[in-house]
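Breakdown of the fold
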Amino acid sequence: MMVLFILFFLILAFLSFPRMSKVKLKCKRNYPKSLPSLPLIGSLLHFVGDTKPHLLFCRLQQRYGSLYSLYMGSDYVVVVNSYLHAKEVLLKKGKIFAGRPRTVTTDLLTRNGKDIAFASYSPFWKYQRKLVHSALCMFGEGSLALEKIICQEASSLCETLSAALDSPLDMSPELTRAVTNVVCSLCFNSSYQRGDPEFEAMLKYSQGIVDTVAKQGMVDIFPWLQFFPNKELTLLRKCVEMRDQLLQQKFEKHKEEFSNDSVSDLIDALLRAKLNMENNNSHILSGQGLTDDYLLMTVADIFGAGVETTTTVLKWTVLYLLHYPEVQQKIQEELDQKLGFNRHPLLKDRQHLPYLEATISEVLRIRPVSPLLIPHEALQDTSIGEYDIPKGAQVVINLWSIHHDEKEWEKPEEFSPDRFLDEDGNRIYTPSPSYLPFGAGVRVCLGEALAKMELFLFMAWILQRFTLSVPEGQTLPDPEGKFGVVLQVPKFKVKASLRKAWEKK
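This section reports on the structure supplied with the text. (Residues numbered from 1 in each chain as written. Predicted model: local features only at pLDDT ≥ 70, side-chain atom pairs only at ≥ 80, totals over all residues. Heavy atoms only, no water.)

**Some thoughts on the overall build of the protein**
- Each helix and strand counted, the protein has 16 helices and 8 strands in total.
- Over its C-alpha atoms the protein spans a radius of gyration of 24 Å, differing by no more than 12% from the 23 Å that the globule rule assigns to 505 residues.
- C-alpha extents for the protein along the principal axes are approximately 75 × 55 × 50 Å.
- In the protein, buried positions account for 53% of the 505 residues.
- For the protein, the accessible surface area stands at approximately 23,400 Å², while carbon and sulfur atoms represent 54% of it. (Helix = DSSP H or I, 4+ residues; strand = E, 2+ residues; numbered from the N terminus. Rg over C-alpha atoms; globule rule 2.2 N^0.38 Å. Buried < 20%, exposed > 50% of the residue type's maximum accessible area, 1.4 Å probe, protein only. Areas by Shrake-Rupley, 256 points an atom, 1.4 Å probe, with all protein chains shown as cover.)

**Description of the pattern of salt bridges**
- According to the stated counting rule, one finds 17 salt bridges in the structure shown.
- Its salt-bridge partner being K93, residue E88 comes within 3.1 Å of it at the nearest N-O pair.
- A salt bridge links R343 to D349; its shortest N-O distance comes to 2.7 Å. (Salt bridge = Lys/Arg side-chain N within 4 Å of Asp/Glu carboxyl O.)

**What to know about the environment of P325**
- Assignment of secondary structure puts P325 in helix α13 (residues 325–338).
- Residue class for P325 comes out partly exposed when judged on its relative accessible area of 46%.
- Between the alpha carbons of P325 and T467 there is a distance of 9.2 Å; along the sequence they are 142 residues apart.

**A look at the environment of E448**
- Mapped onto the secondary structure, E448 falls in helix α16 (residues 448–465).
- In this structure E448 comes out as partly exposed when scored by relative accessible area, which is 24%.
- Counting along the chain gives 10 residues from E448 to F438, while the straight-line C-alpha distance between them is 6.6 Å.
- Among the polar contacts made by the side chain of E448, one reaches the side chain of K452 at a distance of 2.9 Å. (Polar contact = N/O pair within 3.5 Å; in protein donor to acceptor, adjacent residues only side chain to side chain.)

**Examining the side chain of S43**
- Along the chain, the position of S43 falls in the loop between α1 (2–16) and α2 (53–64).
- Classification of S43 by relative accessible area gives buried; the value is 1%.
- Within polar-contact distance, the side chain of S43 engages the backbone oxygen of P36 at 3.3 Å.

**Examining the nonpolar core**
- Counting 67 residues, the largest nonpolar core has I150, M171, V318, I331, L356, F458 and L468 as its most contacted members.
- If you list the elements that add at least two residues to this core, you get α6 (144–163), α7 (172–187), α12 (292–323), α13, α14 (354–366), α16 and β7 (466–469).
- Look past the residues within four positions of L356 in its chain and what remains in contact with it is I331, E334, F456, M459 and A460.
- Of all hydrophobic cores here, the second largest spans 65 residues; its members include Y64, F118, C239 and A273. (Core = buried A, V, L, I, M, F, W, Y, C linked by side-chain atoms within 4.5 Å. Contact = heavy atoms within 4.5 Å.)

**So, the packing of aromatic side chains**
- Evaluation of the coordinates by the stated rule reveals 15 aromatic pairs.
- Ring geometry for F124 against Y294: centres 4.9 Å apart, planes inclined by 65 degrees, an arrangement best described as edge-to-face. Residue F124 is found in helix α5 (residues 123–136), and its partner Y294 is found in helix α12; the two are separated by 170 residues along the sequence. Across this residue pair, the class does not change: F124 and Y294 are buried.
- Between W409 and F420, the aromatic rings sit 6.0 Å apart at their centres with planes inclined by 40 degrees, giving tilted as the arrangement. Of the two residues, W409 sits in the loop between α15 (399–403) and α16 while F420 sits in the loop between α15 and α16, which places them 11 residues apart along the sequence.
- Given the relative accessible area of 3%, W409 is considered buried.
- Classification of F420 as buried rests on a relative accessible area of 0%.
- Clustering of aromatic rings is evident, with ring pairs tying together W316, Y320, Y324 and F415.
- Cation over ring: R365 sits above W409, and NZ or CZ is 5.3 Å from the ring centre. (Phe/Tyr/Trp six-rings, centres within 6.5 Å; stacked < 30°, edge-to-face > 60°. Lys NZ or Arg CZ within 6 Å of the ring centre and 35° of its normal.)

**Some thoughts on the sheet that holds strand β3 (residues 376–377)**
- Here 4 strands make up an open sheet; going across it, the order is β1-β2-β6-β3 and the pairing mixed. Strands with a single pairing partner mark the edges of an open sheet, and in this sheet they are β1 (67–72) and β3.
- As paired strands, strand β2 (residues 75–80) and strand β6 (residues 394–397) are joined by 4 bridges and run parallel to one another. Among the inter-strand pairings, V78 is bridged to a residue of β6, identified as V395.
- Contacting β1, β2 and β6, α2 crosses the sheet at an angle of about 120 degrees to β1. (Pairing = 2+ DSSP bridges. Axes fitted to C-alpha atoms, helices over the stretch in contact; angles between N-to-C directions.)

**Points about a negative patch on the surface**
- Together, E406, E413, D478 and E480 make up a negatively charged patch on the protein surface.
- Along the chain, E480 falls in the loop between β7 and β8 (495–498). (Patch = residues over 30% accessible without salt bridge, like charges linked within 9 Å, V, L, I, M, F, W, Y side chains within 5 Å. Lys, Arg positive; Asp, Glu negative; His and termini not counted. Charge placed at Lys NZ, Arg CZ, Asp CG, Glu CD.)

**Thoughts on the packing of α7 against α16**
- Remark: α7 packs on α16, axes separated minimally by 12 Å, with the N-to-C direction vectors making an angle of 135 degrees. Taken together, the axis directions place α7 and α16 in an arrangement best described as oblique. Between α7 and α16 lies a crossing whose hand is right-handed. Across from L175, A178, V179, V182 and L186 in α7, the residues of α16 making contact are L450, E454, F458 and I462.
- When the residues that make up the contact of α7 with α16 are grouped by side-chain class, the tally is 8 nonpolar, no polar and 1 charged. (Parallel < 35°, antiparallel > 145°, perpendicular 65-115°, else oblique. Left-handed = near helix turned anticlockwise from the far one by under 90°. Nonpolar A, V, L, I, M, F, W, Y, C, P; charged D, E, K, R; others polar.)

**Here's the deal with the pairing of β7**
- Only one face of β7 is buried, namely the one carrying F466 and L468, since none of T467 and S469 on the opposite face is buried.
- Two strands pair when backbone bridges link them, and β7 and β8 are joined in this way by 4 bridges, in the antiparallel orientation. Along β8, the bridge assignment pairs S469 with K495.

**Remarks on helix α11 (residues 266–279)**
- With 14 residues, α11 should cover 20 Å at 1.5 Å per step; its first-to-last C-alpha distance of 20 Å lies within 8% of that length.
- Buried within α11 we find L266, I267, D268, A269, L270, L271, A273, K274 and M277.
- Measuring from the side-chain oxygen of the N-cap residue of α11 to the backbone nitrogen of I267 gives 3.3 Å; that N-cap residue is D265. (Expected span 1.5 Å × (residues − 1).)

Encoded structure:
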């Protein structure tokens, strides 16, 4: 029986190997230097061990240069470790490299690429992204409506911290709930209270998705493995089903109550766009229409990405403040001097709190949310620098390597917000052209403005009122992350102590 299974495995492997034909390496071309590879498995032996991919790719450039290639199974992959090559991919040739490779896990997550983040570049994708951008502009940066939503959640978060004063607290679910409610207000015009069963279910399925999607697992490298028992794929299917049930309920309710004259959230805006599209016969665009599947996956995209990424940065920020209490103290001194204690932080205060802004920027540099940006795919034969890149090649931007480049950053492994300040203490937005926390170009993060607003307001509200420290008897984890679609923060607990100026308030 085992012999038959091995034989079947080898037959399937050989059948999958011709997929490499979509990437045709031609003679007399100057392709990037390649890691050694074997039939069927490609360069996968390099990934044996516990080394995280972004760290492995960073280390391999010492031998193969800042731009090199490898095979993930039969997929031809080009790894970019320098900002000059990254900017060529993202900006100069952004549309050429705006494709996305199809994988088993992302297809399952997005109903075969009907979202924005994992869908490949096309006229319809451009329309879909523009639609969402227009909807988000209803609550755009500087909007009093959005500022009010974030401040309400910041206030609720502070109430939670007040209720757990000087006691060990896992801030992770509290930060997640705060960010979730901001996105819920945008998407559904609703929010969650602490302990809400629906919110708890959301936490569960979100973690399952983060643990299984877009991490170059074996099922994505060898798609035929999906037909065999697979614990991660079973978990992903279950989590996606939970997500879709929740979204479908909210979507159906919005459809029942929809009025073209009243748009109060993102789903309303998408429904109105669909109606206008149908009335104008705009579905001629790419021969497809804005179906319910596209609407649902668009909302799922914004909801999933908008919550997980921002929450991850907040958790990294808190962890680094625990490791560097002197940084927390400097932020609080700045808050005391510029804001005082008679009012809460507002968006207009960003320009007056450069050290807080610098700290957030440094967290985004030293622990990028996505150390390997979602892979791009070359839509035609092209080049990066002096090297030829064939159509169909996957291109991986190693943001970790770029943000830790010793040629661009002095002592890049050190946490130093001062690198984002000039000699007079004024904020430097981009001290190096290699600073790309949200990507760049046509596929730049759609929620960049919203994320920056949330990061500033949440941290300003917390640190104005509380001092965060390590609870007695607790061990603070090293700031090492768990690799996945985001760089997950290790678990830790916090003691929030009310600052003296707030004890009588």
